[in-house]
Amino acid sequence: MTDPLLANEPLIRLAAFLGVLALLAAWELSAPRRRAEIPRLLRWSNNLVLVAVDTAVLRLVFPVLAVGFAVYAEDRGFGLFNLVEAPYWLAFVVSFLAFDLAIYLQHVMFHAVPALWRLHRMHHADLEIDVTTGLRFHPLEILISMGIKLALVAALGPPAAAVLMFEVVLNAMSMATHTNVGLPAKLDRIARFLVVTPDMHRVHHSVDPSETHTNFGFNLSWWDRLLGTYRPQPKLGHLGMTIGIPEFRTRRDLWLDRMLVQPFRGRAGEPMGKGGRPEG
Ligand SMILES: [Zn+2]
Ligand SMILES: [Zn+2]
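Residues numbered from 1 in each chain as written. Chains lettered and ligands numbered in written order. Predicted model: local features only at pLDDT ≥ 70, side-chain atom pairs only at ≥ 80, totals over all residues. Heavy atoms only, no water.

**Regarding the coordination of the zinc ion (ligand 1)**
Summarising the metal site, the zinc ion (ligand 1) is bound by the protein donors His107 (NE2), His111 (NE2), His120 (NE2), His124 (NE2) and His204 (NE2), whose distances to it range over 2.0 to 2.2 Å. The sequence pattern describing where the donors of the zinc ion (ligand 1) fall on their chain is H-x3-H-x8-H-x3-H-x79-H. In this model, the zinc ion (ligand 1) sits 5.4 Å from the zinc ion (ligand 2). Separated by 80 residues along the polypeptide, histidine 124 in helix H6 (residues 114-124) and histidine 204 in helix H10 (residues 198-204) bring together distant segments of the chain. (Donors = N, O, S within 2.8 Å, 3.2 Å for Na, K, Ca; no water. Helix = DSSP H or I, 4+ residues; strand = E, 2+ residues; numbered from the N terminus.)

**A word on helix H1 (residues 4-30)**
Taking 1.5 Å per residue, 27 residues should reach 39 Å; H1 reaches 39 Å between its end C-alpha atoms and fits that length. At proline 10, H1 shows its largest bend, some 35 degrees. When we look at burial in H1, the residues that qualify are Glu9, Phe17, Leu21, Leu24, Ala25 and Glu28. Each element contacted by the buried residues of H1 is listed here: helix H2 (40-61), helix H3 (66-76) and helix H8 (160-178). A distance of 2.9 Å separates the backbone nitrogen of leucine 5 from a side-chain oxygen at the start of H1, and that oxygen is part of aspartate 3. (Expected span 1.5 Å × (residues − 1). Bend = angle between axes of the 7 residues up to and from the residue. Buried < 20%, exposed > 50% of the residue type's maximum accessible area, 1.4 Å probe, protein only. Contact = heavy atoms within 4.5 Å. Polar contact = N/O pair within 3.5 Å; in protein donor to acceptor, adjacent residues only side chain to side chain.)

**Side note on the coordination of the zinc ion (ligand 2)**
Within the protein, His123 (NE2), His178 (NE2), His201 (NE2) and His205 (NE2) serve as the donor atoms for the zinc ion (ligand 2), at 2.1 Å. Written as a sequence motif, the donor arrangement for the zinc ion (ligand 2) is H-x54-H-x22-H-x3-H.

**Here's the deal with the packing of H2 against helix H7 (residues 139-156)**
Closest axis-to-axis distance for the H2/H7 pair is 9 Å, and the angle between their directions is 45 degrees. Relative to H7, the element H2 is oriented oblique. H2 and H7 meet at a crossing whose hand is right-handed. Contacts between H2 and H7 involve Leu50, Val53, Asp54, Val57, Leu58 and Val61 on the former and, on the latter, Pro139, Ile142, Leu143 and Met146. Taken together, the residues that form the contact of H2 with H7 break down as nine nonpolar, no polar and one charged. (Axes fitted to C-alpha atoms, helices over the stretch in contact; angles between N-to-C directions. Parallel < 35°, antiparallel > 145°, perpendicular 65-115°, else oblique. Left-handed = near helix turned anticlockwise from the far one by under 90°. Nonpolar A, V, L, I, M, F, W, Y, C, P; charged D, E, K, R; others polar.)

**Thoughts on the packing of aromatic side chains**
Evaluated as defined, the whole model comprises nine aromatic pairs. Each ring, one from tyrosine 72 and one from phenylalanine 78, has its centre 6.1 Å from the other, and the planes form 70 degrees; the classification is edge-to-face. Overall, the relative accessible area of 38% leaves tyrosine 72 in the partly exposed class. Pairing tryptophan 222 with tryptophan 223 gives two aromatic rings, centres 6.4 Å apart and planes at 70 degrees, and the pair type is edge-to-face. Under the relative-accessibility criterion, tryptophan 222 is labelled partly exposed at 34%. Every member of this aromatic cluster is reached through a ring pair, and the members are Phe69, Tyr72 and Phe78. Above the face of the tyrosine 230 ring, arginine 225 is positioned so that its terminal group lies 4.4 Å from the ring centre. (Phe/Tyr/Trp six-rings, centres within 6.5 Å; stacked < 30°, edge-to-face > 60°. Lys NZ or Arg CZ within 6 Å of the ring centre and 35° of its normal.)

**A word on the nonpolar core**
Of all hydrophobic cores here, the largest spans 23 residues; its most connected members are Leu58, Phe62, Met146, Val153, Val163 and Phe166. Of all elements in the fold, only H3, helix H5 (88-112), H7 and H8 reach the threshold of two or more residues within this core. Ranked by residues supplied to this core, first place goes to H8 with six residues. If we skip the residues at most four places from it in the chain, valine 163 touches Ala66, Val67, Ala70, Phe99, Val153 and Pro158. Residues Phe17, Leu21, Trp44 and Val51 belong to the second largest nonpolar core, which totals nine residues. (Core = buried A, V, L, I, M, F, W, Y, C linked by side-chain atoms within 4.5 Å.)

**Examining the side chain of asparagine 47**
With respect to the helices and strands, asparagine 47 occurs in helix H2. The class for asparagine 47 is buried, based on a relative accessible area of 1%. With near-sequence residues (within four places) excluded, asparagine 47 lies in contact with Asp126, Thr132, Thr133, Arg136 and Met259.

**With respect to the environment of valine 169**
You can see valine 169 is positioned in helix H8. On a C-alpha basis, the gap between valine 169 and leucine 105 in space is 18 Å, while along the polypeptide they are 64 residues apart. Excluding residues within four positions of it along the chain, valine 169 makes contact with Phe96 and Asn219.

Quick look at the structure:
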């Protein structure tokens, strides 16, 4: 018997992805925060083809992904919430929060360990930040991230719907927090008590290492505030700041082939702790 959630999963994901992408792209095209210097066609075509590469690699490497594995854990009865009696809503909320914290910690780890920074710095090497930057991750980072999610599913036994919801929200929020827009200042301040806003995440894409290694959250802004990695605004302002990392600053570096080999080129650069500190 096929699980109804699993049967509809690809459609739910694709519809949410395309819908959110179209809305955010329309928003940033009509009211851009920063002026684009690099032809959009160059960045968008390469960033979007990378999404297809990432999806294909993920499906080829793992026989089962996080949602399918959660259904499997439920069937086989392993993982915390499949072993203890807990109200469904509680399992759902705790699972969502645990996943969000795990993704935050994973992000910190990708900044702190030099070999992992090599993979993750490709996300930071985008010379501009817009909705497609939120999709620009090296396939090896995507694989490691899935490995961590699968381990968390095995330990936690979360409701499969919570995992699907988390992944759909994460994908949407990753696009949203990279969108080249700005909320009105007051609204941005209020929204930040709960979620990461585009202005908050843009600080993370500053070329200045004391800003690169801050604001690691993807969905909830709480982890950065609680764990001391929060920085409200960039020193040079959102229009004056430089986006990217000191290495890989040519337009040729924005091509897909260069993105894929980037982790293996040059020195590790400045991972967190080696020059860059959240406290700056
Ligand atoms: Zn990062
Ligand atoms: Zn980012």
